[in-house]
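# Topology and contacts: notes
Now for the letters of each chain:
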There are 2 protein chains.
Amino acid sequence: MKFYDCRTAPSPQKVRLFIAEKGLEIDTVEVDLRSLEHQRPEFLAINPAASVPVLELDDGMRLTESLAICHYLEQLHPEPNLMGRDAREQALVLMWNDIQTFEGYLAVQEVLRNAHPAFQRRALVGPEPYDQIPALAERGRLRSARYFERLDAHLASSQWVAGPRFTYADIVGFVYLRFATRTLREDPTEGRAHLRRWRDAVARRPAIESAS
Amino acid sequence: MKFYDCRTAPSPQKVRLFIAEKGLEIDTVEVDLRSLEHQRPEFLAINPAASVPVLELDDGMRLTESLAICHYLEQLHPEPNLMGRDAREQALVLMWNDIQTFEGYLAVQEVLRNAHPAFQRRALVGPEPYDQIPALAERGRLRSARYFERLDAHLASSQWVAGPRFTYADIVGFVYLRFATRTLREDPTEGRAHLRRWRDAVARRPAIESAS
């Protein structure tokens, strides 16, 4: 099995932290997105969609998309459980994965890709060129602030994102929070005590610390 | 159990078709998005995020997000299997769910919400107002055409979206294709023979026909 990673990008980071929390050792290949390694023919042969993460199985099959990869690893290595123990908990993990991805990740990605000079003509993930839309960067800022408000309010009555236990939903939220901190050049936990309490609790986990 | 649906929106349609394919009978409440029923206090008390689908469990817990709801129903009613029989097939269903949602659904939604007069100041799902961004509608058209090219090429060597068997990934793709047909006022299967073969095969399924 082989994991195509990139230390500077949020999506593969979810998989990397998941692997660390599981205590797995998987052959890892670093793909340097900053030097556009993912747009070169060698990598496009691995994933024509020009994105990481990719998990290559021993029979050559390649899985893309963080949730699919982590779900697959969970089936192969059920313990420690990170995707939920029963139907209800699994549903909450999936629900918060989607809420955080649509409201949080997409918002921050809109800021990064539509404002940063490094992403000119690369406003969307993938091999095709797309122009930046400055209004989208502005909207992303507003939208991400609303997302962190919602998450902070949720964490006022929930210890972890999907309930009383650390799960994949926390990995997802933590990666997006760090992505936001770096991209927006501000700390979303400022003035949001529940978000900060939770962020610090995730950051203190040994696996998270070692794989971040 | 109670399912909050809306016959005119794509997201709850995924759940409605899933329920039909499972042969389940679930109490269904129609929420009229066109008259903004989801923005009224009565519905915001059910889902503050002002979105459908919602699945209300008998103990009062409410699940949002189509994938989470369908996964939950699959755990309760495993047959007929729609989310994948083993780790590999499940991963492919999840992978294609995300690819189709990010590349296809988001693109078409960008066109609809940023161009249609009915969505002025409602360019994003949710209770908060967002202005339309005309450049985003244009980008959405380009992006959705690329998505349908990719899906057509994939279906040249795959009978169904996630492999040799009908799954949730086909429900997802079928709903987005119909959403695109209506929104873009063109038939994405025009000139794409594999996409058309697959679309027609999904449309002919008795459960799909009855619940569409």
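Our subject is the structure that appears above.
Residues numbered from 1 in each chain as written. Chains lettered and ligands numbered in written order. Predicted model: local features only at pLDDT ≥ 70, side-chain atom pairs only at ≥ 80, totals over all residues. Heavy atoms only, no water.

Let us now look at the overall build of chain A. The secondary structure content of chain A amounts to eight helices and four strands. In terms of overall dimensions, chain A is globule-like: its C-alpha atoms have a radius of gyration of 17 Å, near the 17 Å expected for 212 residues. Oriented by its inertia axes, the alpha-carbon framework of chain A measures out at about 50 × 45 × 30 Å. Taking all 212 residues of chain A together, 60% fall into the buried category. In chain A, the share of contacts with a sequence separation of at least 24, taken over all contacts with a separation of at least 6, comes to 65%. For chain A, the exposed surface amounts to about 8900 Å²; the carbon and sulfur share of it is 51%. (Helix = DSSP H or I, 4+ residues; strand = E, 2+ residues; numbered from the N terminus. Rg over C-alpha atoms; globule rule 2.2 N^0.38 Å. Buried < 20%, exposed > 50% of the residue type's maximum accessible area, 1.4 Å probe, protein only. Contact = heavy atoms within 4.5 Å. Areas by Shrake-Rupley, 256 points an atom, 1.4 Å probe, with all protein chains shown as cover.)

Formed by 118 residues in total, the largest nonpolar core has its most connected members in A:Trp198 and B:Trp198. With near-sequence residues (within four places) excluded, B:Trp198 lies in contact with B:Leu151, B:Leu155, B:Gln159, B:Trp160, B:Val161, B:Asp170, B:Gly173, B:Phe174 and B:Leu177. (Core = buried A, V, L, I, M, F, W, Y, C linked by side-chain atoms within 4.5 Å.)

Our next topic: the packing of aromatic side chains. Residues and elements named next belong to chain A. The final tally for this structure, using the stated rule, is 13 aromatic pairs over all chains. Considering the side-chain rings of Tyr 4 and Phe 43, the 6.0 Å spacing of their centres and the 65° angle between planes classify their relative orientation as edge-to-face. Here the residue Tyr 4 occupies a position in strand 1 (residues 2-5), and Phe 43 occupies one in helix 2 (residues 41-44), the gap between them amounting to 39 residues. Considering the side-chain rings of Tyr 147 and Phe 148, the 4.8 Å spacing of their centres and the 55° angle between planes classify their relative orientation as tilted. This pair shows no difference in class: Tyr 147 is buried, exactly as Phe 148 is. Connected via pairs of aromatic rings, a cluster forms that spans Tyr 105, Tyr 176 and Phe 179. (Phe/Tyr/Trp six-rings, centres within 6.5 Å; stacked < 30°, edge-to-face > 60°.)

So, on to helix 6 (residues 168-184) of chain A. All names here are of chain A. Here helix 6 spans 24 Å end to end across 17 residues, near enough to the 24 Å set by a 1.5 Å rise per residue. Along helix 6, 14 of the 17 residues are buried, which leaves the element largely enclosed by surrounding structure. Looking one or two residues past helix 6, Arg 185 carries a phi angle of roughly 50°, positive in sign. (Expected span 1.5 Å × (residues − 1).)

In this model, A:Glu79 is joined to A:Pro80 through a cis peptide bond whose omega is -10°. Structurally, A:Pro80 can be placed in the loop between helix 3 (66-76) and helix 4 (87-115). The linkage connecting B:Val52 with the following residue, B:Pro53, adopts the cis geometry, with an omega of 5°. By the element assignment, B:Pro53 lies in the loop between helix 2 (41-44) and strand 3 (54-56).

This part takes up the sheet that holds strand 3 (residues 54-56) of chain A. Residues and elements named next belong to chain A. As summarised here, the arrangement of the four strands in space is 2-1-3-4, forming an open sheet in which the pairing is mixed. Because the sheet does not close on itself, it has two edges, and the strands there are strand 2 (27-30) and strand 4 (62-64). In this sheet, neighbouring strand axes are inclined to one another by 20° on average, regardless of whether the strands run parallel or antiparallel. The pairing of strand 3 with strand 4 spans three bridges and is classified as antiparallel. Looking at strand 4, one finds that Val 54 is bridged to Thr 64. This element, helix 3, spans strand 3 and strand 4 of the sheet and lies at about 125° to strand 4. (Pairing = 2+ DSSP bridges. Axes fitted to C-alpha atoms, helices over the stretch in contact; angles between N-to-C directions.)

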